[in-house]
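# An overview of the molecular structure
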Amino acid sequence: MNALSKPAPVAHRRFEALDSLRGVCAILVVMFHMPVASHWRSWDFIQHAYLFVDYFFVLSGFVIAHAYAERLKTGADAGRFMVRRFGRIWPMHVLMLAAYVGLELARLAFHFDSAAPFTGDRSVWAIFTNLALIQAWHVHPHLTWNGPSWTLSAEWACYLIFAGLVLVAPKRFRWIGLVLAIIGGVLVVSYARRWMNTTYDFAVPRAVYGFFLGCLLQGLWMNIPRLKGLAATGLEIAAVVAVCVFVAWAEGPVTVAVTLVFVVLVWVFAGEEGRVSRLLDHPALVTLGRWSFSIYMVHMFILTVMLIIARKLDWMPGGRRVDFGSVWVNDLFALGLFGFIVVIAVVAHNRVERPAQRLIDRWTKPKAA
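All of the points below concern the structure found in this document. No experiment lies behind these values; they were computed from the predicted model shown.

## Brief notes about the overall build of the protein chain
Across its full length, the protein chain holds 13 helices and 2 strands. Rg of the C-alpha trace for the protein chain: 21 Å, near the compact-globule value of 21 Å for 369 residues, within the 12% margin. Overall, the protein chain is about 60 × 50 × 40 Å in size when its C-alpha atoms are taken along their principal axes. Counting every position in the protein chain, which comprises 369 residues, the buried fraction comes to 52%. Within the protein chain, residue pairs in contact and separated by at least 24 positions form 76% of the contacts whose partners lie at least 6 positions apart. Surface summary for the protein chain: the accessible area is close to 17,100 Å², and the carbon and sulfur share equals 68%. Averaging the coordinates of the 34 positive side-chain charges in the protein chain and doing the same for the 21 negative ones gives two points 8 Å apart.

What follows is the structure, given as structure tokens:
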């Protein structure tokens, strides 16, 4: 039996196994941020789960190149692309920014904690940089407002660079992007104080590094044979194990290599040829992948409100994590909190994210000749 399959023709399809993995990565990022003294909180794998953000960058470059590399022929095409991408990320971003501003107004009106309203990472100036999606372009000395939105700011920079490169050098943009990716990786390993755990300062180089390696991978993936059957299953299992081991082990400058590990993961699962891919194609996991952006965007606000309540109710005896005195009770609380995050995320997905996407799609749909 032939263990290789010919590359599929170009099709602007959805990569459901990769989407499911995005949902899993979003859960792991939430677990990394959750300040509850659960069993898993001290695991190295969870302590380093901030690295799963780099899967988002690689996947984004891969799917954007797959969907748009052959479609951006004119300035109008590029403008339509940018509007569509802006419409994809901005509505949820503004929703959560508004939620945080509302929390500050409540803090100003009711003085329910000692934090001074609209100061530090919640400054009025940062509202405007967030609205423009430039807050992670090294314009602030720290994260601002909804912390996880730094990734949107960095991705926005990648979209701008991608559109420009495809217009100027449509046949060579992937190789130019490779040069930019190498520069991004070098900047992170050379200058970022915490290497890949960099956000507001070297966010754009970090994102460019992953995004344009994803673009290059897509071009190669379309032109080389892929494993199938048992060979594909074995490779999928090996890729998942490699990711888990690397994330649990990686420290310091070596964390920069996580992007390369995710490039392999995307390459392995894009073809959906093995049994692990079939598992990831389960409707429940695919749905989780579709909710992942909303989960990622809403979770920090919910955790922020939870921390305010926890301090008021003395749920944080050590001052850093919620701890009820029993790790099993802590586990149950963490699971319940995660369930609440998912519920709120689903509401936001259905009431804000999807309607905004449909509206932008209608606005940017090319008119019939």
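## What about a nonpolar patch on the surface?
A contiguous nonpolar surface patch, about 420 Å² in accessible area, is contributed by Val-124, Trp-125, Phe-128 and Leu-131. Counting through the fold element by element, Trp-125 comes out in helix 5 (residues 124–131). A relative accessible area of 54% places Trp-125 in the exposed class.

## Considerations on the pattern of salt bridges
Using the criterion set out here, one finds 11 salt bridges in the structure. Measuring nitrogen to oxygen at the nearest pair gives 2.7 Å for the salt bridge that ties Asp-19 to Arg-22. Here the residue Asp-19 and the residue Arg-22 both occupy positions in helix 1 (residues 16–33), the gap between them amounting to 3 residues, near one helical turn. When its relative accessible area of 19% is taken as the criterion, Arg-22 is described as buried.

## Re unusual backbone geometry
One non-glycine residue with positive phi stands out, namely His-111, at about 50°. Topologically, His-111 is positioned in the loop between helix 4 (75–110) and helix 5. Positioned with a positive phi, Trp-195 is a non-glycine residue whose angle comes to about 55°. Structurally, Trp-195 is set in the loop between helix 7 (173–191) and helix 8 (203–221).

## A closer look at the packing of helix 7 against helix 8
To characterise two packed helices, one gives the angle between the axes of the helices and the distance between these axes. At a minimum axis separation of 7 Å, helix 7 and helix 8 run at an interaxial angle of 145°. When you trace helix 7 past helix 8, the crossing you get is left-handed. Of the residues in helix 8, those in contact with Phe-173, Arg-174, Trp-175, Gly-177, Leu-178, Leu-180, Ala-181, Gly-184, Gly-185, Leu-187 and Val-188 of helix 7 are Pro-205, Arg-206, Val-208, Tyr-209, Phe-212, Leu-213, Cys-215, Leu-216, Gln-218 and Gly-219. Split into classes, the residues belonging to the contact of helix 7 with helix 8 amount to 14 nonpolar, 5 polar and 2 charged.

## Some details on the environment of Val-258
When you line up the elements, Val-258 lands in helix 10 (residues 258–270). Taking the C-alpha atoms as reference, Val-258 lies 15 Å from Ala-203; in sequence the two are 55 residues apart.

## Overview of the side chain of Ser-60
Considering the arrangement of structural elements, one finds Ser-60 in helix 3 (residues 53–68). Residue classification places Ser-60 among the buried positions, given a relative accessible area of 9%. Among all residues touching Ser-60, those that are not within four sequence positions of it are Glu-155, Tyr-159 and Phe-211.

## Comments concerning helix 9 (residues 229–249)
In this model, helix 9 (21 residues) spans 30 Å end to end at C-alpha, consistent with the 30 Å of a helix rising 1.5 Å per residue. Along helix 9, the residues classified as buried are Ala-232, Thr-233, Glu-236, Ala-239, Val-243, Phe-246 and Val-247. Those residues of helix 9 that are buried lie in contact with helix 2 (44–47), strand 2 (226–227), helix 10 and helix 11 (275–280).

## Some details on the nonpolar core
In this structure, Leu-18, Met-34, Phe-52, Tyr-55, Phe-81 and Phe-162 are the most contacted members of the largest nonpolar core, which totals 116 residues. For this core, the element with the most residues is helix 12 (residues 283–312), which contributes 14 residues. With near-sequence residues (within four places) excluded, Phe-52 lies in contact with Cys-25, Leu-28, Val-29, Phe-45, Val-243, Val-247 and Phe-262.

## Here we look at the packing of aromatic side chains
A full pass over the atoms with the stated rule returns 25 aromatic pairs. Judged by centre distance (6.2 Å) and plane angle (70°), the rings of Tyr-159 and Phe-211 are edge-to-face. You can see Tyr-159 sitting in helix 6 (residues 150–168) and its partner Phe-211 sitting in helix 8, a full 52 residues away along the chain. Given the relative accessible area of 2%, Tyr-159 is considered buried. Grouping aromatic residues by their ring pairs yields a cluster made of Tyr-68, Phe-81, Phe-86, Trp-90, Trp-156, Tyr-159, Phe-162, Phe-173, Phe-211 and Phe-212. Stacked on the ring of Phe-293, the Lys or Arg Arg-88 has its end atom at 4.7 Å from the ring centre.

Basis of the calculations
- Residues numbered from 1 in each chain as written.
- Predicted model: local features only at pLDDT ≥ 70, side-chain atom pairs only at ≥ 80, totals over all residues.
- Heavy atoms only, no water.
- Helix = DSSP H or I, 4+ residues; strand = E, 2+ residues; numbered from the N terminus.
- Rg over C-alpha atoms; globule rule 2.2 N^0.38 Å.
- Buried < 20%, exposed > 50% of the residue type's maximum accessible area, 1.4 Å probe, protein only.
- Contact = heavy atoms within 4.5 Å.
- Areas by Shrake-Rupley, 256 points an atom, 1.4 Å probe, with all protein chains shown as cover.
- Lys, Arg positive; Asp, Glu negative; His and termini not counted.
- Charge placed at Lys NZ, Arg CZ, Asp CG, Glu CD.
- Patch = residues over 30% accessible without salt bridge, like charges linked within 9 Å, V, L, I, M, F, W, Y side chains within 5 Å.
- Salt bridge = Lys/Arg side-chain N within 4 Å of Asp/Glu carboxyl O.
- Axes fitted to C-alpha atoms, helices over the stretch in contact; angles between N-to-C directions.
- Left-handed = near helix turned anticlockwise from the far one by under 90°.
- Nonpolar A, V, L, I, M, F, W, Y, C, P; charged D, E, K, R; others polar.
- Expected span 1.5 Å × (residues − 1).
- Core = buried A, V, L, I, M, F, W, Y, C linked by side-chain atoms within 4.5 Å.
- Phe/Tyr/Trp six-rings, centres within 6.5 Å; stacked < 30°, edge-to-face > 60°.
- Lys NZ or Arg CZ within 6 Å of the ring centre and 35° of its normal.

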